[in-house]
Amino acid sequence: MNPPHHPKIRVRYAKYGKVRFTSHRDMARVWERNLRKIGFPVAYSEGFSPRPKLSFGLALPTGAESDGEYFDITADPDWDTADLDELPMQLNAVVPSGISVQAVAILPPGSESLQSVVTSSTWAIELFDIEPVQAMAWVSRVLDAEELVVTRERKGKPVTDDLRPEIRSLEATEFAFGGPGLVAELSTVGRALRPSELLMVIEPHLHGGLIRRRQQWISVDGARSEPLAVGAAVDHRTPVGVR
Amino acid sequence: MNSLWPELEHLLGRVQKPARYIGCEDGIKVSEHAPHKVAWLLTYPDTYEIGLPNQGLQILYEILNERDDAVAERSYAPWTDLEAEMRTARLPLFSVDNHLPAAAFDVLAFNLSAELVYTNVLNLIDLAGVPVRAADRGETDLLVAAGGHCTYNPEPLADFVDFFVIGDGEEVVSDITDVLREWKATPRSSGARVGMLRDLAKVPGVYVPAMYEVSYDGEHIAEIAPRYPDIPERVAKRTVADLAEWPYPKNQLVPLTEVVHDRLNVEVFRGCTRGCRFCQAGMITRPVRERPSEQVRTMVQNGLQRTGYDEVALTSLSTADFSGIGEVVAGTVNDPMNCGQVSVSLPSLRVDAFTVGVAAQLQKARRTGLTFAPEAGTWRMRQVINKLIAEEDLYRAVESAFSQGWRRMKLYFLTGLPSETDIDTLGIAELSKNCVEIGKRYNKTASVTLSVGGFVPKPFTPFQWFGQNTEAELSRKIYMLRDEVKKSRGVQMKWHDPKATLAEGIASRGDRRIGRVIEAVWRRGGTFQEWSEHFSYDLWVECMAEAGLSIDWYVYRHRREDEILPWSHISAGLHHEFLWQEWQDALAEVGLPDCRWTPCYDCGACTGYGIEHIVASATPPAGGSQGTGQDLSRGGAVPVELLGRKPVGAAP
């Protein structure tokens, strides 16, 4: 007899406003509780201290907003996949203000985890009190650099790396509210690069304003796609805190 | 008033754990602000993580927001990093619900659960933008209020707080709102505030310190007298007669970030008559008022469904004594709605009622931590404190837990108790060692964490007359115990800093003169004194010396029976004679049974209020000696005639 099949569901959600100050760990617990609230049959791990089987993508820095975050649910074998369409509405009725589920999909068997497939993220970074010319000069300097060697902390230890290869694209831009900013696609594989580290490379004392993850990308042979595009199962509730 | 969020948002990117300042909890229900409504800012004077779960604060939050004439929001002490940013940016204390400045409220009401938060109270009053001393406040300033267990001795904070609430808050909070609504409706002319405070002082359970004059005879208090004839001589605590009428919180707040006690909490009863003589909570919250077990089950099941928590704690001062404990635990664990995923935790568990049956039910889902509190290391010492747990009961409970798969547990003890000898102190190590040995029969990695606290005598307990052990003596005992514990593998010991115990002792039984010390410690930056990284022993010692006050006199001195104690104008319903007799009996090593199941000895808590225990079962829960001391076969040499009371077992 085959072991029972546990369907896996990928959830895409946006995170805006006050809740952006919750951490990756906080959000994991929010999803655990809210799936229990709607009575979704999440599969549990075996062992001394069983935990619901949820697996999360790359951590969003605390304080950053996002147009697209993801996590995967492993469901009980007896879950009826026909209930999938209801899931975004059910979750959106209970999640904190500022969080909205945008899409859900059942993953094909054998799909790899978010952590292993996502290769880069596109970030929008607001800059405070910076002239647009200055921002453009920084962009040229970074893009023209052969290497950008920086010592940063990784797992509590100082590590010296060349960050230039991790910057896939960078441009200066003007945001809707008229402030200058940067849009950057940064690698998430290998050493990876955080938006705060990019700012550190540009100017050691530069504080960013609002940071928002716009997309997460899976690159395969030069073709880019999102782990789950906003498609049919979108919830149309207006996200709170959208600027 | 406008939300401070836009300004605050910029600061939050620069501080640790910003999620504790955003509010957004599941369960938030704030009514609209309006000019005619009394606006309460309910404040816990410690971090959000410690304060958010506080049930008292959440109960009042709901009751006030349900009223048509009130609105309540919450605030917590910002950590030192945000406080520095706020002071630089000139941002005041804010609510986490709507991020309104403190000035948008009428009352800044503190929950006082521990003495070491007192300097934070002053800091928060200051952050709210009001003069720290009540006497300096003007007609339009916020009112500063305080409730919670510490208010049974309100005197150390008397100079800073406009009014205190003594006892259960459920009803009195509405009585106060009535007075404040009237006051808000009248013009804020000169004298209106004093008039309103005088009206408040006439509300039962409300203490307005400015309405009382304290006179001294040298170091001693000569008299505490009301300033006006219409002010009561004694302020008696409020007691809610029937918990079934108050099924609060109905919508427990679920925070987005991790806090202590991060689970559903359902209060199963209030009050405790076990009669442990060191325990202030057990003395001041009498009588026992159980919640009907059907109501508990409903609150548990609705609460789990609404919050999405997978753990529920049944809270009280001694949950195993709850008449419906078996059915509630089994009902919750086995409810098909919970899919075997909900665990039940029982904080404050008496060892004598923890049986294999209870252990087996508890471990069906995840095993929660287990803490037992024998409190003292020898039977003699446990008779002195009237915690009549036999050694075999502890071992039976520990064995129940280890046999059901637990691998470690926590044991809680006090040191520095009246008449404690080194034999008693070292008995703690012996008990712990024996527990580990029991555990090793079931699991090679069995271990016990021993947690030791220095005893601080509290008002309205039989030990209120006892001189606290000196810091040096407590340190000696703790290090002696540590050295003994080191000899046995599998026992880890943690202890409360005896220096912090001293500071607690200053505030616990201090009088109004101690206010100067608290203010001085705060002015020199001594906030978050509950946190070891911020606690400053030197600051307390220096500030006591500079105020010309003696630590020996305030903390280490035994009190005489006829001394006017700083809280003598407050009443917890307990007769002076009862407390004094208990103190005598303690020194005579004579126990006292639990009056829930035995005849009344008239402590005053029921008779004075015309209310009674509400207990569903007329018999004590089965198993063990139940600490009632009713198993007289244990001791032969019981001095039956002594003091005309029902004495209980001598050493087994």
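Residues numbered from 1 in each chain as written. Chains lettered and ligands numbered in written order. Predicted model: local features only at pLDDT ≥ 70, side-chain atom pairs only at ≥ 80, totals over all residues. Heavy atoms only, no water.

**Section: the overall build of chain B**
Next up, step 1: A tally of helices and strands in chain B yields 20 helices and 19 strands.
Next up, step 2: A globule of 652 residues ought to have a C-alpha radius of gyration of about 26 Å, and chain B, at 24 Å, matches this closely.
Next up, step 3: When the backbone C-alpha atoms are referred to their principal axes, chain B occupies close to 70 × 65 × 50 Å.
Next up, step 4: Counting only contacts in chain B whose residues sit at least 6 apart along the sequence, the fraction spanning at least 24 positions is 76%.
Next up, step 5: Total accessible area computed for chain B in this model is approximately 23600 Å², and 52% of it derives from carbon and sulfur atoms.
Next up, step 6: Side chains of chain B give 68 positive and 87 negative charges; the mean places of these two sets differ by 4 Å. (Helix = DSSP H or I, 4+ residues; strand = E, 2+ residues; numbered from the N terminus. Rg over C-alpha atoms; globule rule 2.2 N^0.38 Å. Contact = heavy atoms within 4.5 Å. Areas by Shrake-Rupley, 256 points an atom, 1.4 Å probe, with all protein chains shown as cover. Lys, Arg positive; Asp, Glu negative; His and termini not counted. Charge placed at Lys NZ, Arg CZ, Asp CG, Glu CD.)

**Section: the nonpolar core**
The tendency in soluble globular proteins is for nonpolar side chains to be buried side by side.
Next up, step 1: If you look at the biggest cluster of nonpolar residues, it comprises 173 residues, and the most contacted ones within it are I9, W31 and F40 of chain A together with W40, F163, L180 and L200 of chain B.
Next up, step 2: V268, V344, L349 and V485 of chain B belong to the second-largest nonpolar core, a separate cluster that totals 55 residues. (Core = buried A, V, L, I, M, F, W, Y, C linked by side-chain atoms within 4.5 Å. Buried < 20%, exposed > 50% of the residue type's maximum accessible area, 1.4 Å probe, protein only.)

**A closer look at the domain arrangement of chain A**
Residue and element names in this part refer to chain A.
Next up, step 1: For chain A, the assigned domains read domain 1 (8-109) and domain 2 (117-225).
Next up, step 2: Between the C-alpha centres of domain 1 and domain 2 the distance comes to 27 Å.
Next up, step 3: Across the contact, 14 residues belong to domain 1 and 9 residues belong to domain 2.
Next up, step 4: Between domain 1 and domain 2, a total of about 1000 Å² is buried, with carbon and sulfur atoms accounting for 50% of that surface.
Next up, step 5: Area buried by domain 1 at its contact with domain 2 is led by L58, E65 and D67, which between them contribute 49% of it.
Next up, step 6: Run the count over domain 1 and domain 2 and you get 3 salt bridges. (Domains from an automatic or database assignment. Buried area = accessible area lost by both parts, 1.4 Å probe. Salt bridge = Lys/Arg side-chain N within 4 Å of Asp/Glu carboxyl O.)

**Some details on the layout of surface pockets**
Next up, step 1: One number sums up the size of the second largest pocket: a volume of about 870 Å³.
Next up, step 2: Elements with a minimum of two residues in the lining of the second largest pocket: strand 5 (120-127), helix 5 (195-202) and strand 10 (208-220) of chain A together with helix 1 (5-12) of chain B. (1 Å grid on protein atoms, 1.4 Å probe; cavity = no way out; pocket = protein on both sides within 12 Å on 5 of 7 lines; lining within 4 Å. Points joined across faces, edges and corners; volume = space filled by probe spheres on them.)

**What to know about the pattern of salt bridges**
Residue and element names in this part refer to chain B.
Next up, step 1: Taken as a whole, this structure holds 72 salt bridges over all chains when the rule is applied.
Next up, step 2: Between R380 and D424 there is a salt bridge, with its nearest N and O atoms 2.7 Å apart. Taken together, the residues span a long stretch of sequence, with R380 in helix 12 (residues 379-384) and D424 in helix 14 (residues 422-440) at a distance of 44 residues.
Next up, step 3: By relative accessible area, which is 23% here, R380 ends up partly exposed.

**So, the pairing of strand 7 (residues 212-217) of chain B**
Residue and element names in this part refer to chain B.
Next up, step 1: Sheet topology note: the strand 7/strand 8 (residues 220-226) ladder contains 6 bridges and is antiparallel. Bridged to V214 within strand 8 is I224.
Next up, step 2: The hairpin formed by strand 7 and strand 8 contains 2 residues between the paired strands, and G218 there has a positive phi angle of roughly 65°. (Pairing = 2+ DSSP bridges.)

**Observations concerning empty space enclosed by the protein**
All names here are of chain A.
Next up, step 1: Applying the stated criterion across every chain yields a total of 8 cavities of 30 Å³ or more.
Next up, step 2: Roughly 90 Å³ of volume is contained in the largest cavity.
Next up, step 3: If you go around the largest cavity, the residues you meet are Y13, K15, S23, H24, M27, A28, F56, G57, L58, L60, E69 and Y70.
Next up, step 4: At the level of secondary structure, the elements contributing two or more residues to the lining of the largest cavity comprise strand 1 (8-15), helix 1 (24-37) and strand 3 (65-74).
Next up, step 5: Tallying contributions element by element places helix 1 first for the lining of the largest cavity, with 3 residues.

**Brief notes about the sheet that holds strand 17 (residues 447-454) of chain B**
Residues and elements named next belong to chain B.
Next up, step 1: The sheet built from 4 strands is open, its strands ordered 15-16-17-18 with parallel pairing. Strand pairing shows two members of the sheet lacking a second neighbour, strand 15 (371-375) and strand 18 (491-495), which therefore form its edges. Ignoring which end each strand starts from, the neighbouring axes of this sheet average 25° apart.
Next up, step 2: The sheet contact formed by strand 17 and strand 18 spans 5 bridges and is parallel. By the bridge assignment, S451 is partnered in strand 18 with K494. (Axes fitted to C-alpha atoms, helices over the stretch in contact; angles between N-to-C directions.)

**Focus: the interface of chain A and chain B**
Next up, step 1: Listed per partner, the contact involves 21 residues of chain A and 29 residues of chain B.
Next up, step 2: The junction of chain A with chain B conceals about 2200 Å² of combined surface from both sides, 55% of it contributed by carbon and sulfur atoms.
Next up, step 3: Looking at the side of chain A facing chain B, the largest losses of area belong to K18, F21 and F48 of chain A, adding up to 32% of the total buried there.
Next up, step 4: Taken together, chain A and chain B are joined by 5 salt bridges.
Next up, step 5: Put simply, R20 of chain A and E9 of chain B hold a salt bridge, and the shortest N to O gap is 2.8 Å.
Next up, step 6: At the boundary of chain A with chain B, the tally comes to 11 residue pairs in polar contact (both at pLDDT 80 or more).
Next up, step 7: Residues of the side of chain A that touches chain B, tallied by class, amount to 8 nonpolar, 3 polar and 10 charged. (Polar contact = N/O pair within 3.5 Å; in protein donor to acceptor, adjacent residues only side chain to side chain. Nonpolar A, V, L, I, M, F, W, Y, C, P; charged D, E, K, R; others polar.)

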